[in-house]
Amino acid sequence: MAKMTCKGPEISKRQMIARRQFLRFLTCSPLVTATSAGTIANLVASGSREALAQSYDVLRAPTEAVGDVITSPEQALNVFDFEPAAKKALPPAHYGYLATGVDDDATLKANRDGFAKFHIRARRLIDARKIDTSVRIFETNWPSPIALAPVSSQAAFHPEAELAVARAARTKGHQMILSTVGNSSIEGVIKEHGSPIWYMLYPTDDWAVTQALVKRAEAAGAPAIVLTVDRQGGRNTETLFRERRLDTRVCAGCHQPGFASEVSRKPMFDHLDVSRVTNLYGTGMTWEFVKRLRDLTRGRLVLKGIVTHQDAKDALSYGVDGLIVSNHGGRAEESLQSTIEVLPEVVEAVGGRVPVMVDGGFRRGTDVLKGLALGASAVCTGRPYCWGLAAFGQPGVEAVLEITQREFETIMRQAGATTIAQITKDSVSRA
C-alpha cells in the first residue's frame, strides 16, 4: 500500500492527534475485537505513520472539512477535485480554453465514457507487496508509464507555466512532452526537469521554421520529436467562446492581432522569421511531409493523432518510430470516437514494432491500467495536471501526479500485476 502523502514527509501534529483520537475511539467500540483493539493500541503508542497508513485506509483520507472547492492540494481525494479549484482560480476565457472540446464537446465526453466499456479482471492470492511501475521507451527507463501530455500556453494557468510542471514531473518521476507554443523554452524546461524531455512539433507552413524548431529541440537534448497530425480542419470550440463572453478583461496585453505577432511571443520562435507563417499546424501536410521530416530528424520521430489501422500501417512504412493515439483531448474533431476504444486497432496494426502511447480522458489509475492492458506502452495525461497547476502551481501538479500514480499502483495490486509486463489483454474484458 502506498504511504500517506500529507503536508511534507511528516504528518502534522494536529493530524496525528486527530488520528490517535480516532484510534482510541475504535478501541472502545464493541465492533472491535480484543485482538484488533490491542493492535490499534500499539499503533497509537508507536505513532508510526507508515503502520497507520497500512492498517487503516480511512486514515489516509484528508481529515479537514472542506467546502465545495478544495483550498489546498492536500484536501483532494481524486484529480477531479482540482477542476473546480482551477475554474475558481482562472479568468473565464482561460478556463474555457482549458475545458473546451469542439462543437457539443461530445468527443471530449466520449473519451471519458470509453473507459466504462472495459472491465478490469481482478486476481487473487498473488503477493503484490512490491510493485514495479517502470517501463522502457526508446532505450530509456521511465519510473512510471504515466507521462505528461503537451498542453499549449500554460502561462494562461499559472505564471510559472511549464517550468513548474517540469519541476513537479522531476519530483514525481514522470516524462513530459513540451508543446511548440508553450510559454517556456525547451532549454528551460529540460533544466527544470533534470533530464531530456520530448518535444511536440507544430511544424507551421514554412519549412524553414520547421527545420529551425527541430534543430533547436534536438540541440537542447530532446530525444523524440512528436509531430501533431490531428489539427487539419480547424475547430469550433464553443465552450471556449461561451466562457470568453463572461470575461470582461482587456486581452491586448496577452494577445496581439495577426498570427505572426501572436506566435512570435512564444519562446520557441525567438529569433525566427515567422513573417511567412500563416498557421501552426501545416494543414497541407501529407505523408510526403512525414518523409521529409523523417529525413530531417536525427532522433526519434513520433506521430501524435493516429486513430486508425491504415494510418498506423502507413506511418510505419514512412519510418516513424512511435505513435500516440490521440484526438487532441477531444478538441481536434467531433468524431465521437474515444481513444481508448480505437487503441486496439492501432496496436494490432503496429504489431509490436514501435511503441504506441495514448492520451484522451485519462483521469484514474484504473484508466491507466486499461490503456496498458489494451496494448499501450505508456499513457499521457493533460487536463488534470493543468487543473493542479492553475489551482496551486507546482504543488498542485505534484498532487495530481501522486494521486494518479497511487491509484494506478493500487489497481495493479488488485489485478495481480506486480510489473508492467504482467498487465496484458487478459487483465481486462469488454463490458
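Residues numbered from 1 in each chain as written. Predicted model: local features only at pLDDT ≥ 70, side-chain atom pairs only at ≥ 80, totals over all residues. Heavy atoms only, no water.

Student: In this structure, what is going on with the sheet that holds strand β8 (residues 300-304)? I would like to understand it.
Tutor: Within a sheet, each strand pairs with its neighbour through backbone hydrogen bonds, oriented either parallel or antiparallel. Across the sheet, 8 strands lie side by side as β4-β11-β10-β9-β8-β7-β6-β5; this open sheet has parallel pairing. Each having just a single partner strand, β4 (146-148) and β5 (177-179) make up the two edges of the open sheet. Averaged over all neighbouring strand pairs, the angle between strand axes comes to 30°, with direction disregarded. (Pairing = 2+ DSSP bridges. Helix = DSSP H or I, 4+ residues; strand = E, 2+ residues; numbered from the N terminus. Axes fitted to C-alpha atoms, helices over the stretch in contact; angles between N-to-C directions.)

Student: How do you make sense of the side chain of Asp367 when you look at a structure like this?
Tutor: In this structure, Asp367 sits in helix α15 (residues 365-373). For Asp367, the contacting residues outside a window of four places in its chain are Arg112, Phe115, Gly361 and Phe362. (Contact = heavy atoms within 4.5 Å.)

Student: What should I look at first to understand the pattern of salt bridges in this one?
Tutor: Side chains bearing opposite charge may pair, as long as their charged atoms lie close to each other. Under the definition given, this model contains 20 salt bridges. Its salt-bridge partner being Lys304, residue Asp359 comes within 3.9 Å of it at the nearest N-O pair. Of this pair, Asp359 sits in strand β10 (residues 356-359) while Lys304 sits in strand β8, placing them 55 residues apart in sequence. Take Asp359 and Lys304: they sit in the same class, and that class is buried. When salt bridges that share partners are traced, they join Glu139, Arg294, Arg300 and Asp321 into one network. (Salt bridge = Lys/Arg side-chain N within 4 Å of Asp/Glu carboxyl O. Buried < 20%, exposed > 50% of the residue type's maximum accessible area, 1.4 Å probe, protein only.)

Student: Help me understand the pairing of strand β6 (residues 198-201) in this model?
Tutor: Both faces of the sheet carry side chains from a regular strand, because those side chains alternate between them. Side chains of β6 alternate between two faces, with Trp198 and Met200 and Tyr199 and Leu201 buried alike. Crossover handedness for the path β5 to helix α8 (residues 186-193) to β6: right-handed. Where β6 meets strand β7 (residues 224-228), 3 bridges bridge the pair, whose relative direction is parallel. What sits directly across from Leu201, in β7, is Leu227. Read as a crossover between parallel neighbours, the route from β6 over helix α9 (residues 207-220) to β7 is right-handed. (Right-handed = clockwise from strand over helix to strand, strands pointing away.)

Student: Would you mind going over the packing of aromatic side chains with me for this structure?
Tutor: In this description, a pair of aromatic rings is defined by centroid distance and the angle of the planes. What the rule picks out here adds up to 8 aromatic pairs. With a centroid separation of 6.2 Å and 25° between ring planes, the pair formed by Tyr97 and Phe157 is classed as stacked. With Tyr97 in helix α5 (residues 92-99) and Phe157 in the loop between β4 and α7 (161-172), this pair connects stretches of sequence that are 60 residues apart. A relative accessible area of 23% places Tyr97 in the partly exposed class. Ring-pair connections join several aromatic residues into one group, and the members of that group are Phe138, Trp142 and Trp198. The ring of Tyr281 is capped by Arg231, whose NZ or CZ atom sits 4.0 Å from the centre of that ring. Sitting over the face of the ring of Tyr97, Arg331 holds its NZ or CZ atom 5.0 Å from the ring centroid. (Phe/Tyr/Trp six-rings, centres within 6.5 Å; stacked < 30°, edge-to-face > 60°. Lys NZ or Arg CZ within 6 Å of the ring centre and 35° of its normal.)

Student: In this structure, what is going on with the packing of helix α16 (residues 383-392) against helix α17 (residues 394-414)? I would like to understand it.
Tutor: Helix packing geometry: the angle between the two helix axes and the distance between the axes. One can describe the packing of α16 onto α17 by two numbers: an axis separation of 6 Å at closest approach and a directional angle of 145°. In this structure, α16 meets α17 at a crossing whose hand is right-handed. Here α16 contributes Pro384, Tyr385, Gly388, Leu389 and Phe392 to the contact with α17, which in turn contributes Gln394, Pro395, Gly396, Val397 and Val400. Its residues placed into classes, the contact of α16 with α17 shows 7 nonpolar, 3 polar and no charged. (Left-handed = near helix turned anticlockwise from the far one by under 90°. Nonpolar A, V, L, I, M, F, W, Y, C, P; charged D, E, K, R; others polar.)

Student: Just checking my understanding: could you explain the environment of Val358 for this structure?
Tutor: For Val358, the location among the structural elements is in strand β10. Take Val358: its relative accessible area is 0%, and that puts it in the buried class. Contacts of Val358, omitting those with residues within four sequence positions, involve Ile324, Val325, Thr339, Leu343, Ala376, Ala378, Val379 and Cys380.

Keep in mind these values describe shape, not function.
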